[in-house]
Amino acid sequence: MEKLILAIDTSCDETAAAVVQGRKVRSSVIYSQILMHKEWGGVVPSIAKRAHEERIDWVIQEAMKKAVVQHDQLDAIAVTYGPGLAIALEVGIRHAVELAQKWGKPLVSVNHMEGHLYSPFVQNSKGNPSRTFDFPYLGLLISGGHTELVLFKDHLQYEILGETVDDAAGEALDKAARMLGFGYPGGPVIERLAVTVDNTDKYVFPRPMMKSGDLNFSFSGLKTALLYKVRKMSDEEKQQEIAYLASSFQEAVFKTVVKKTEKAMVETGIHHLLVGGGVAVNKHLRTMMRALAKKHGGYVHFPALKYLNYDNAAMIGVVGAIRAEKGLCIENTEKLDRVPRLSLLQSSI
Ligand code: KG4
Ligand code: ZN
């Protein structure tokens, strides 16, 4: 029988809880703080902590209620212990530990990035998408905090092939949007502008690290290139060119990502791709990744529903179910601590 899991994630700016049965989501509740952080242009840790504390009990209760599950039916509780904001992670961990003790349930700790990697396999209550695991995969995790190429060898077995040495791809899009006069998050605004000019690459910004020989990324120089370009323009010119600037910037980011993914495909011989993280909702990126997979006779899986690209607890529950199945539970729950810079490698079995 597939494990019934209550999962909790408070790694950044969403307070999330979910109930899953194996890969199937019975309920997923997400209380977003995005509006609270918007005016600051990014996530403020102290605001995030307080908001998590105020909302977490309600979010957990809602998830249990919507799933129509009593706590005695649960097989385990899963919680994200990193990577993320320390004071935000602590809130989720404390509540998970308390519930595990109160209800006498095993506790499973999950790496937030494992969740994103498994997110294309998260199913609705009817079992869709029905795709099965066919290891190994090449995973691209692309969000506001991470840009990583991962060798996903088998269940819970990871190797990091490349990662960003400075800004994450989503962070670069957010900063570019700010330079163009928009708020946080910037990715969706850049996408909308780029579509209006058919994703034209008029300005051909630099493709960073393209010749570095490794699989790492760097996006901070690209940001500087945009800044110099914008500085030289009058306000009127900037307004006239704004969609082209956004589109060219997005092209530079995505073409770099696609090229590095292709390099990883050639080096590993793996042509089955998984893409997860907030930037993976971008339709243009999806088209580019599909074309890349097709070129090499492979395929690419994305999360099936939009919310599964962003931070959520359903993906944490799915990993939790696999860990619980394998008996990978925390022996001394009191000792579970957050690891803000937790790497996938540390969670690999
Ligand atoms: O995964 P996520 O919700 O949070 C992190 O863990 O970082 O990702 C948020 C990031 C932000 O940088 C946001 O600008 C980006 O995902 N994003 C997008 C789009 N929607 C969100 N980037 C490109 N196109 C989008 N449509
Ligand atoms: Zn995330």
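Up top is the structure these notes are about.
These numbers were taken from a predicted model, which means no experiment stands behind them. (Residues numbered from 1 in each chain as written. Chains lettered and ligands numbered in written order. Predicted model: local features only at pLDDT ≥ 70, side-chain atom pairs only at ≥ 80, totals over all residues. Heavy atoms only, no water.)

Chemist: Lay out the coordination of the zinc ion (ligand 2) in plain terms, naming residues and giving numbers.
Modeler: For a metal with four donors in a tetrahedral arrangement, the ideal angle between donors is 109.5 degrees, while six donors in an octahedron ideally sit at 90 or 180 degrees. Protein-derived ligands of the zinc ion (ligand 2) are His112 (NE2), His116 (NE2) and Asp311 (OD), with the metal-ligand distances lying across 2.0 to 2.2 Å. Coordination at the zinc ion (ligand 2) is irregular, judged from the four donor atoms that bind it and the angles of 90 to 136 degrees they form at the metal. Mapped onto the sequence, the donors of the zinc ion (ligand 2) take the spacing H-x3-H-x194-D. In this pair, His112 is assigned in helix H4 (residues 112-118) and Asp311 in the loop between strand S10 (299-301) and helix H10 (314-325), connecting sequence segments 199 residues apart. Each member of the pair, His112 as well as Asp311, is classed as buried. (Donors = N, O, S within 2.8 Å, 3.2 Å for Na, K, Ca; no water. Tetrahedral: all angles 85-135°; square planar, octahedral: opposite > 155°, others 65-115°. Helix = DSSP H or I, 4+ residues; strand = E, 2+ residues; numbered from the N terminus. Buried < 20%, exposed > 50% of the residue type's maximum accessible area, 1.4 Å probe, protein only.)

Chemist: Could you give me a rundown of helix H8 (residues 235-268), with the residues and numbers involved?
Modeler: Since there are 3.6 residues in each turn of an α-helix, residues three or four apart along the chain are aligned in direction. Along its 34 residues, H8 runs 47 Å from first to last C-alpha, staying within 8% of the 50 Å computed at 1.5 Å per residue. The sharpest bend along H8 comes to roughly 60 degrees, located at Glu241. Looking one or two residues past H8, Gly269 carries a phi angle of roughly 75 degrees, positive in sign. (Expected span 1.5 Å × (residues − 1). Bend = angle between axes of the 7 residues up to and from the residue.)

Chemist: Describe in detail the pairing of strand S9 (residues 272-276), supporting the description with residues and values.
Modeler: Summarising burial for S9: four of the five residues are buried, a large majority. Note: strand S6 (residues 137-142) against S9, four bridges, orientation parallel. When the bridges of S9 are listed, Leu141 appears paired with Gly276. Following the chain from S9 across helix H9 (residues 283-295) to the adjacent parallel S10, one finds a crossover that is right-handed. (Pairing = 2+ DSSP bridges. Right-handed = clockwise from strand over helix to strand, strands pointing away.)

Chemist: Got a sec to walk through the environment of Leu140? Specific residues and values, please.
Modeler: Within the secondary structure, Leu140 is located in strand S6. The sequence separation of Leu140 and Val257 amounts to 117 residues, and the corresponding C-alpha distance is 8.8 Å. Apart from the residues within four sequence positions on either side, Leu140 is in contact with Glu148, Leu149, Val257, Thr261, Leu274, Val275, Gly276 and Met289. (Contact = heavy atoms within 4.5 Å.)

Chemist: Please provide a residue-by-residue account of the nonpolar core, values included.
Modeler: As a rule of thumb, nonpolar side chains are buried together in soluble globular proteins. The biggest cluster of nonpolar side chains holds 49 residues, and the ones touching the most others in it are Ile142, Phe205, Phe249 and Met289. Of all the secondary-structure elements, those providing two or more residues to this core are S6, strand S7 (147-154), helix H5 (169-179), helix H6 (187-196), helix H7 (220-231), H8, S9 and H9. In terms of residue count, H8 provides more of this core than any other element does, twelve residues in total. In contact with Met289, not counting residues within four places along its chain, are Leu140, Val258, Thr261, Leu273, Val275, Val300 and Phe302. In terms of nonpolar packing, the next biggest core, distinct from the first, is built from 34 residues, Ala16, Ala18, Tyr118 and Ile316 among them. (Core = buried A, V, L, I, M, F, W, Y, C linked by side-chain atoms within 4.5 Å.)

Chemist: Residues and numbers for the sheet that holds S6, please.
Modeler: Here five strands make up an open sheet; going across it, the order is S8-S7-S6-S9-S10 and the pairing mixed. Either end of the sheet is taken by a strand with one partner, and the two such strands are strand S8 (157-163) and S10. Between one strand axis and the next, the sheet turns by 25 degrees as a mean value, whatever way the strands run. Together, S6, S7, S8 and S9 form the strand contacts of H8, whose direction differs from that of S6 by roughly 160 degrees. (Axes fitted to C-alpha atoms, helices over the stretch in contact; angles between N-to-C directions.)

Chemist: Tell me about the sheet that holds strand S2 (residues 14-21), residues and numbers included.
Modeler: Taken in spatial order, the five strands line up as S3-S2-S1-S4-S5 in an open sheet, and their pairing is mixed. In the strand order of this sheet, the two ends are held by strand S3 (24-32) and strand S5 (107-111), each with one partner. Each adjacent strand pair in this sheet contributes to an overall mean axis angle of 20 degrees, direction not counted.

Chemist: Explain the site of ligand 1 to me, using residue names and the numbers behind them.
Modeler: Near ligand 1, the surroundings consist of 20 residues, among which Gly144, Asp174, Gly187, Glu191 and Gly278 are the closest. One nitrogen or oxygen atom from the main chain of Gly144 is found 2.8 Å from an oxygen atom belonging to ligand 1. In the environment of ligand 1, an oxygen atom lies 3.1 Å from a nitrogen or oxygen atom belonging to the backbone of Gly145. Bound to the protein, ligand 1 loses 90% of the 560 Å² it would expose on its own. (Near = heavy atom within 4 Å. Polar contact = N/O pair within 3.5 Å; in protein donor to acceptor, adjacent residues only side chain to side chain. Areas by Shrake-Rupley, 256 points an atom, 1.4 Å probe, with all protein chains shown as cover.)

Chemist: Can you tell me about the packing of H8 against H9, naming the residues and giving the values?
Modeler: Running from N to C, H8 and H9 cross one another at 25 degrees; their axes reach a closest spacing of 10 Å. Here H8 is positioned roughly parallel relative to H9, judged by the angle of their axes. The handedness of the crossing between H8 and H9 is right-handed. Between H8, through Gln250, Glu251, Phe254, Lys255, Val258, Thr261, Glu262 and Met265, and H9, the contact on the second element is made entirely by His284, Leu285, Met288, Met289, Leu292, Ala293 and Lys295. A per-class count over the contact of H8 with H9 returns eight nonpolar, three polar and four charged. (Parallel < 35°, antiparallel > 145°, perpendicular 65-115°, else oblique. Left-handed = near helix turned anticlockwise from the far one by under 90°. Nonpolar A, V, L, I, M, F, W, Y, C, P; charged D, E, K, R; others polar.)

Chemist: Just give me the short version of the packing of aromatic side chains, but keep the residues and values in it.
Modeler: According to the stated counting rule, one finds 13 aromatic pairs in the structure shown. Ring centres 6.3 Å apart and planes at 40 degrees place the aromatic pair Tyr137 and Phe152 in the tilted group. Taken together, the positions of Tyr137 in strand S6 and Phe152 in strand S7 put the pair 15 residues apart, joining distant regions of the chain. The buried category is assigned to Phe152, whose relative accessible area is 0%. Taken together, a centroid distance of 6.2 Å and an interplanar angle of 25 degrees make the contact between Tyr203 and Phe205 stacked. Judged on exposure class, the residue Tyr203 and its partner Phe205 are both buried. (Phe/Tyr/Trp six-rings, centres within 6.5 Å; stacked < 30°, edge-to-face > 60°.)

None of the figures reported here should be taken as evidence of function without further support.
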